[in-house]
Structures are given as structure tokens and as C-alpha cells.
Amino acid sequence: MQASTRTYLLLLLVLAACATMYWAGLHGPFLFDDFPNLAALDSIDHVHSWRDLGIYLSQPRSFPGRPLAMLSFLIQKPSWPDDPFAFKLVNLCIHLANGVLVFCLTRRLADLFLVDSGRAPRPSAIGPAALAAAAWLICPIQLSAVLLVVQRMTLLMALFVLAGLLAYLKAVREEHASNLRRALWMTIGLGLCSALAFLSKENGILLPLYALCLDATVLRQRIQQLPRGLAWLRRGLIYPAVVFVFAYLLVGIPDFAHAGSFRDFTLYQRVLTEPRVLLDYLAKAFVPRFGLYGLYNDDFPKSTSLFHPLSTAFAVAALLLALGVALHWRKRHPLLALAVLWFLGGQILESSVVMLELYFEHRNYVPVMGPFIALAIGLSLLQPSGWRTLAYTATALWLGASTIATSLSSQVWASEQRLAFAWGNGHPGSVRAQTMLAKALYDSGQVGAAVRVIDRALDKRPGDAGLAENRLYLRCAAGKVTTDDLERLRGTLRAAAWNRSAFENMDTLRLLGQGRRCPPLDTAWWKVLAETLLANPAYKGGTAQGMIHYQISQLGVHQGDLNLAVEELDRTYAADPDSEVPRLQAKYLASAGLYDQAIDKLEHTDYRRLPRLRRLLVDDRAINREMIAALREKQASAR
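Counting of residues starts from 1 at the beginning of each chain's written sequence and follows it residue by residue. Where totals are concerned, whole chains, interfaces and linings use all residues; where local detail is concerned, this predicted model gives features only for residues with pLDDT of at least 70, and gives and counts side-chain atom pairs only at 80 or more. Hydrogens and water molecules were not included; the side-chain quantities draw on all heavy atoms of the structure.

**Thoughts on the overall build of the protein**
Here's step 1: What counts as a helix is a DSSP run of H or I of at least four residues, what counts as a strand is a run of E of at least two, and both are numbered from the N terminus. The secondary structure content of the protein amounts to 31 helices and zero strands.
Here's step 2: Radius of gyration: over C-alpha atoms. The globule rule applied is 2.2 Å multiplied by the number of residues raised to the 0.38 power. For a compact globule of 639 residues, the expected C-alpha radius of gyration is about 26 Å, and the protein comes in at 28 Å, within 12% of that figure.
Here's step 3: The principal-axis extent of the C-alpha atoms belonging to the protein is close to 90 × 55 × 45 Å.
Here's step 4: Here the term buried applies to any residue with accessible area under 20% of the maximum for its type, exposed to any over 50%, and partly exposed to those in between, with areas from a 1.4 Å probe on protein chains only. Here the protein holds 639 residues, and 53% of them are scored as buried.

**Comments concerning a positive patch on the surface**
Here's step 1: Nonpolar side chains (Val, Leu, Ile, Met, Phe, Trp, Tyr) within 5 Å and like charges within 9 Å form the patches, drawn only from residues with over 30% relative accessible area and no salt bridge. In these tables, accessible area is a Shrake-Rupley quantity obtained with a 1.4 Å probe, and a residue counts as shielded only by the protein chains included in the view. One side-chain nitrogen of Lys or Arg within 4 Å of one carboxyl oxygen of Asp or Glu is enough to make a salt bridge. Here Asp and Glu are counted as negative and Lys and Arg as positive; His is not counted, and neither are the chain ends. Just so you know, the charge point we use is NZ for Lys, CZ for Arg, CG for Asp and CD for Glu. Taken together, the side chains of Arg452, Arg456, Lys460 and Lys480 present a region of like positive charge at the surface.
Here's step 2: Along the chain, Lys460 turns up in helix H21 (residues 447-460).

**Things to note about the state of the cysteines**
Here's step 1: Note on terminology: disulfide denotes any pair of cysteine sulfur atoms within 2.5 Å. Inspection of the entire model under this criterion finds one disulfide.
Here's step 2: The disulfide partner of Cys476 is Cys518, and the gap between their sulfur atoms is 1.8 Å. Negative torsions about the S-S bond denote left-handed disulfides, and the value of about -70° found for Cys476 with Cys518 makes this one left-handed. On the criterion of sequence distance, the pair formed by Cys476 in helix H22 (residues 465-477) and Cys518 in the loop between helix H24 (500-514) and helix H25 (523-535) is long-range, its members being 42 residues apart.
Here's step 3: Between Cys139, a cysteine without a disulfide, and Cys18, which holds the nearest cysteine sulfur, the sulfur-to-sulfur distance is 11 Å.
Here's step 4: Judged by relative accessible area, Cys139 falls into the buried class, the value being 0%.

**Quick notes on the pattern of salt bridges**
Here's step 1: Scanning the entire structure with this criterion turns up 27 salt bridges.
Here's step 2: One salt bridge in this structure joins Glu274 and Arg270, with 3.6 Å as the shortest N-O distance. Placement of both Glu274 and Arg270 in helix H14 (residues 267-286) is noted, with a separation of four residues, approximately one turn of the helix. The two residues Glu274 and Arg270 agree in class, both being buried.
Here's step 3: In this structure, Asp443 and Lys439 form a salt bridge, with 2.9 Å as the shortest nitrogen-oxygen distance. You can see Asp443 and its partner Lys439 sitting in helix H20 (residues 431-443), four residues apart, about one turn around the helix.
Here's step 4: Given the relative accessible area of 52%, Asp443 is considered exposed.
Here's step 5: The class of Lys439 is partly exposed, set by a relative accessible area of 43%.
Here's step 6: Shared partners join several salt bridges into a network, and the residues in it are Asp455, Arg471, Arg475 and Asp485.

**Observations regarding the packing of helix H19 (residues 416-426) against H20**
Here's step 1: In this analysis an axis means a line fitted to C-alpha atoms, helices contributing only their contacting stretch, and an angle means the value between N-to-C directions, from 0 to 180 degrees. Between H19 and H20, whose axes approach to 8 Å, the crossing angle comes to 135°. Considering the angle they form, H19 stands oblique to H20. Our pair here, H19 against H20, has a crossing hand that is left-handed. Residues Glu416, Leu419, Ala420, Phe421, Trp423 and Gly424 of H19 touch H20, and the partners they reach there are Ala433, Gln434, Met436, Leu437, Lys439, Ala440 and Leu441.
Here's step 2: The nonpolar class holds Ala, Val, Leu, Ile, Met, Phe, Trp, Tyr, Cys and Pro. Asp, Glu, Lys and Arg form the charged class, and all remaining residues, Gly among them, are polar. When grouped by side-chain class, the residues that make up the contact of H19 with H20 number nine nonpolar, two polar and two charged. Throughout, the term roughly parallel applies to angles under 35 degrees, roughly antiparallel to angles over 145, roughly perpendicular to angles from 65 to 115, and oblique to all others. Whether a crossing is left-handed or right-handed is set by the direction in which the near helix is turned from the far one by less than a right angle, anticlockwise for left-handed and clockwise for right-handed. Any two residues whose heavy atoms approach within 4.5 Å at even a single point are treated as in contact.

**Things to note about empty space enclosed by the protein**
Rolling a probe over the atoms, with the probe sized like a water molecule, indicates the empty space that remains.
Here's step 1: Whether a set of points on the 1 Å grid over the protein atoms alone is a cavity depends on a 1.4 Å probe fitting there but being unable to get out, while an open set qualifies as a pocket with protein on both sides within 12 Å along at least five of seven lines; lining residues are those with an atom within 4 Å of a point. Grid points are joined across faces, edges and corners, and a volume is the space filled by probe spheres set on the points. Throughout the structure, instances matching the rule amount to two cavities of 30 Å³ or more.
Here's step 2: Surrounding the largest cavity, 13 residues form its lining, Met157, Asn203, Arg363, Val366 and Pro367 being those nearest its centre.
Here's step 3: Split by residue class, the lining of the largest cavity holds six nonpolar, five polar and two charged.
Here's step 4: As for the second largest cavity, its lining consists of Leu458, Ala468, Arg471, Leu472, Asp485, Arg488 and Leu489.
Here's step 5: Among the elements of the structure, H22 and helix H23 (483-495) are those that each provide at least two residues to the lining of the second largest cavity.
Here's step 6: A breakdown of the residues in the lining of the second largest cavity according to their chemical character gives four nonpolar, no polar and three charged.

**Quick notes on the packing of aromatic side chains**
Here's step 1: The rule is short: rings of Phe, Tyr and Trp, with Trp giving its six-membered ring, pair when the centres are within 6.5 Å, and they are stacked under 30 degrees, edge-to-face over 60, tilted in between. According to the stated counting rule, one finds 19 aromatic pairs in the structure shown.
Here's step 2: Seen in terms of ring centroids, Tyr210 and Trp342 are 4.5 Å apart; in terms of plane orientation they differ by 35°. Their pairing is tilted. Placement of Tyr210 in helix H10 (residues 207-216) and of Trp342 in helix H16 (residues 334-346) is noted, with a sequence separation of 132 residues between them. Each member of the pair, Tyr210 as well as Trp342, carries the same accessibility label: buried.

**Quick word on the layout of surface pockets**
Here's step 1: In this structure, the second largest pocket occupies an estimated 790 Å³ of space.
Here's step 2: Looking at the second largest pocket, it is lined by 26 residues, and the ones nearest its centre are Phe246, Leu323, Leu344, Gly345 and Ile348.
Here's step 3: If you list the elements that add at least two residues to the lining of the second largest pocket, you get H10, helix H12 (228-251), H14, helix H15 (311-328) and H16.
Here's step 4: Examining the composition of the lining of the second largest pocket, we find that five residues originate from one element, H15, more than from any other.
Here's step 5: Tallied by class, residues from the lining of the second largest pocket come to 20 nonpolar, four polar and two charged.

**Section: the environment of Arg66**
Here's step 1: If you trace the backbone, Arg66 turns up in the loop between helix H3 (50-57) and helix H4 (67-74).
Here's step 2: Beyond its immediate stretch of four places on either side in the chain, Arg66 contacts Met153, Leu199, Ser200, Lys201 and Glu202.
Here's step 3: Of note is the side chain of Arg66, whose polar atom sits 2.7 Å from the side chain of Glu202. Two N or O atoms form a polar contact when they lie within 3.5 Å of each other; inside protein one atom must be a possible hydrogen donor and the other a possible acceptor, and for residues adjacent in sequence the pair counts only when both atoms belong to side chains.

**Re the side chain of Ser410**
Here's step 1: On the secondary structure map, Ser410 appears in helix H18 (residues 386-413).
Here's step 2: Apart from the residues within four sequence positions on either side, Ser410 is in contact with Met21, Tyr22, Trp23, Ala24, Gly25 and Leu143.

**A look at a nonpolar patch on the surface**
Here's step 1: Nonpolar side chains collect at one region of the surface, where Phe63, Leu616 and Leu617 lie side by side and expose about 290 Å² of accessible area between them.
Here's step 2: Note on placement: Leu616 falls in helix H30 (residues 612-617).

**Some details on the packing of H14 against H15**
The packing of two helices is summarised by the inter-axis angle and the distance between the axes.
Here's step 1: Two elements in contact, H14 and H15, have axes whose closest approach is 8 Å; the angle formed by their N-to-C orientations is 75°. The orientation of H14 relative to H15 falls into the category roughly perpendicular. Across the interface between the two elements, Leu272, Pro275, Arg276, Leu278 and Leu279 from H14 touch Ser311, Thr312, Phe314, Ala315, Val316, Ala318 and Leu319 from H15.
Here's step 2: Looking at side-chain class alone, the contact of H14 with H15 contains nine nonpolar, two polar and one charged residues.

Below, the structure is given as C-alpha cells:
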């Protein structure tokens, strides 16, 4: 059997092994961001027209809304919300396809690099390609990217990034093809695939930056040999995108600093903390461990100064040194430079000044490819010696440890209860992990234990509004709520920092009050709590204020108070415009026989304040005209 045939069989074996490792995790539940993002599937029953498709695609508030990923979820609508397995199976298939593309990319890069480096005898490029693909596929830090359904966005983005780089390499390496053919492949790779990657997830715009990392390191000689026309086309496709990314980060710094009011850290703290986060990512990727891979890392300690904690200074110095070495030695040690520049470049959007959350493992899905590719090619260059034997042995041990870690972690991902206990015990300082653990205990009937978990979490985060609301809910379930508990929660809400759980949990508490299932929490007390949260400056404007006003409007509906319901929906729309709010008002007014007021609402709503994506994809005035016609018919019938 030829060596190449053995290698391809080995790749198939790796793909099968990866599928086997992940199989248990496919049976796990929807989690975390799955719910708000996949809730868009509830916006329509069936796609009968372009309008239906537009309504679905316009559910995200951001622009352009990741439409390719959203379309992939729409295909699986029949499985929502009861069958997460179907969604996760598609994720795994995309992950395996990406593994094949990593193999192809590494093989092309290794082939070019080994030829240009003049090695004699020249090693085969297939071996490092198989090794890079295997290492990347089974690395346990990839778990959340595959098993968190909504990260289909990351998987699809990676698919187009890899396809784009392969097309770009085809343009670079086919020296005997016509310039027109090479230009077409370059345009497809850096132009079309960049657009498709961006429409899957915004950091797909980094595709040209990845190409630039290749050009500055392993492709340097090939790029210097490009014909003049192709060289200018390459510059036109790469540099504007790269300049745009860095300009966006620099120009946006004032806005990012202002966004700190929605986080429990400042921009300064984020910039100091992220170097430590990046080193922690690398440790998780290259030192496989069981029990440390998951979603909830909101307990990662913030850096408040360069020397607090002391590891901050070390992390900043280490990354600056690595960057300096990579740039200075990119000609002498191109593989080292590729590993460093690819990884840091891939983190430039999600791990720099943009005020995203500090830590998510799925952010490494594409960035960690570079180090694996560079290491695999580097191993193939080692001459027979004790060092090569040691390197191969270490690589085999790492692959074995990664296989065990990924397999065991996947078993945990198969059960929401296992996840709750693993993450809850592994992250005692994480609000999300402790909340998930308390929910698991509550669902199993251990209300007292759940209360103790929340109480311990509150001891560490005494001002956390979401935890305080969860505590009240659990004490309601235990029948132990007192007026003092309500006053305590009111005090917390009055001064609490911004927290999404704080206003999302108000819905659950409202239903408790309306159902009279938790004396002394009645509707009057609930409204006091809601108004207290509204008076908190941290919850002024935007989604938070809009959702609280919406909850008060639903209280008005429950109490039969039409004026309260309509007025609060006015405030909802003012704070957080949503096209359905005026139609909901019209429905309530029409149910009271106030057809003229209902029609007036629909005719005079200012839809210019709707999110840009909604205005581009949906003609809400046309929907209103249809509703107005139906209301006029009802009005005529009533007369």
C-alpha cells in the first residue's frame, strides 16, 4: 500500500474517531445563547413568500445579521425546539468538513514551503497535513464551537475562510496558468469567500488578514514572484480589508469605552485582561485537561492594573515579545512567525478593544489552526535524531490525551444535569454556572440545596440583580418569602450594575405575582420592583428599558387595564423599537372596540426607528395596511 493511500486512510480514521468522540455530546440540550438566537424560528410558521423569509432573517438586531447561518437554522425548523440532536449533528458534519479543508490547506502550504525551502530529500506534505487535521479536529477546546448549536455561525464562517484560503493558494501556486484564471481564483478566494464568511459571522472579515499572515511567512517567495497585475489585485483584495479592521478598532475606542456601562469591566481592564485570556486559551489547547472545557468562564479574574494580578504583566510581556519575535524573524523562522501571527490576528476582533465578554473558548476555532499547521510542518522537517524521536513521542502523547479529554468532556455535554454539576463545581465564582447548578437542583426537587447554592453565589457577588431575583424565586418555591426578602431585592435592584438576567427574570417574577403563588409577592409588589429597576440609571434606554416596560404592559393586560397596556407599549417602542409593538397595541384596542384608535396606531407609527436590517428586508407598512383592511371589515361588521 502506498504511503499516500495509508495517509488518506488515516485521515478517514481520524474523521471517524472524531465523530465517535463527539457522538455522545450530540444528545445534549440546547444551552445559553441557543435560546435567544434560535427563538427567531418562532417568528414564522412556514416560509410561503419572500416576506416570510425577510421577517425571519430580520430578527437579529445587528447588521447584517449573519444571514447564511440563520438560513441554515431555518432548514431545521421542524426540529425546534424539541430536537437539539438534529442541530448538533449538522454542526458535527460541518466540523468534519472543516477538518478535511484543514488537511487540504496544510498539504498545499507544506508542499509550497518544502519546495521553496530547498530541503533534500524533500519530505512528503501528506504527513503534516494529516497531523494538523487530526490535532485540530480532536483538540478539546473545540467542544463548545461544535456542541453549542448557535456556534454554527463560527463553523460556517470557518468553512468559507478555509475555502477562500484554498482558492487563494490555487491562484498563487498555479504559475503556468493564465493570469486571468489566477485572478479569478484570487477574487473568489479573497473576495467572494470573504463576503460569505462575513455573512456567516462578522469575524469572517479576517480572511484577508489570514492570507496576509501566510504571505508574510511561508508564501513570501511566491508572493514576490507574482506578475505585476496579480500583485496589484492581491493588494486591492487584502489591504483595504485589513486597514478597515484596524481602523474600526481604533476609531471605535470611544464608543467601546462608553459600552463599559453594560459590562462589569472597563475598556482599560479588558485590554489588560485579554493577554491573560489568550495564554489561558493556549494552555487549554496544548495541555489537555478534563473538566475545564465549557461555556461559563464569567469568573475569570479581571486585571485591574498591570500588576494586579501579577500575571498580567507577564502575559502582556509574553505576547509583545512573541509578536516582536514573529515580525523580526518572519524570514528566518517563517513557521514560528505563522503560528504567532495567525493566532494573534485571529483574535484581533474578539479579544481586543471590542466590549464583548472576556472569555469564550469557541473564539479559538480558527485562530488555533495556525499553530497546529506550523507545528505539523515543522515536525516533518526534523532530521532523524533523538530530538525527533522525542518530538514524535510528545505529539503521540498529546494526541492520546486530547482524545481522552474530548471523549470524556463530550460525555458530560450529553446531559444538562452533568453539565450543571461539572461547571458548577468547577467554577464556583461563575454566576452562570451557579445559576445552572441551582436550576438542576431545583428541577430535581432539591429546593433547599438550590437556595444554598444561590446564597453562596450572592456572598461572592452581593450586588448581582439576577442572582437576587433567583434567590427570591427559589424562596417562593420553598414557601419562605417575607416582606424583608422583597425589600432586600428592591435594595439590590436600586443600585445593581447592568445585567441581562435582571430584566429577563422580571417576566418569571411577574407570572408568580399574577398567579398568586407566592405571597406576599403580589402584582403591586412586582410593579414596585419593576419601577425600581427602571429608575436604576444602568437600565435606562435600549433593550433593558424596553423589556421592563413590555412586562408592565403585560401586567396591564392581565388586570384588564387597557390604558396601562397601551401606554407601556408606547414606552416599549420608544426605548427599543420593534415592529410588532404597534400591531399588538392595535390588537388590544380593537378587542375593546376602539377600531379608529387601532387604525390610527398602525397608520402613524414611525418605522424609521426600526433596526436597519428590518427596514431593508420587510415592508412593515404593507403588513399594517393589510391589518388595517381587516380591522375596517371588523368595524363595519360591528356596526
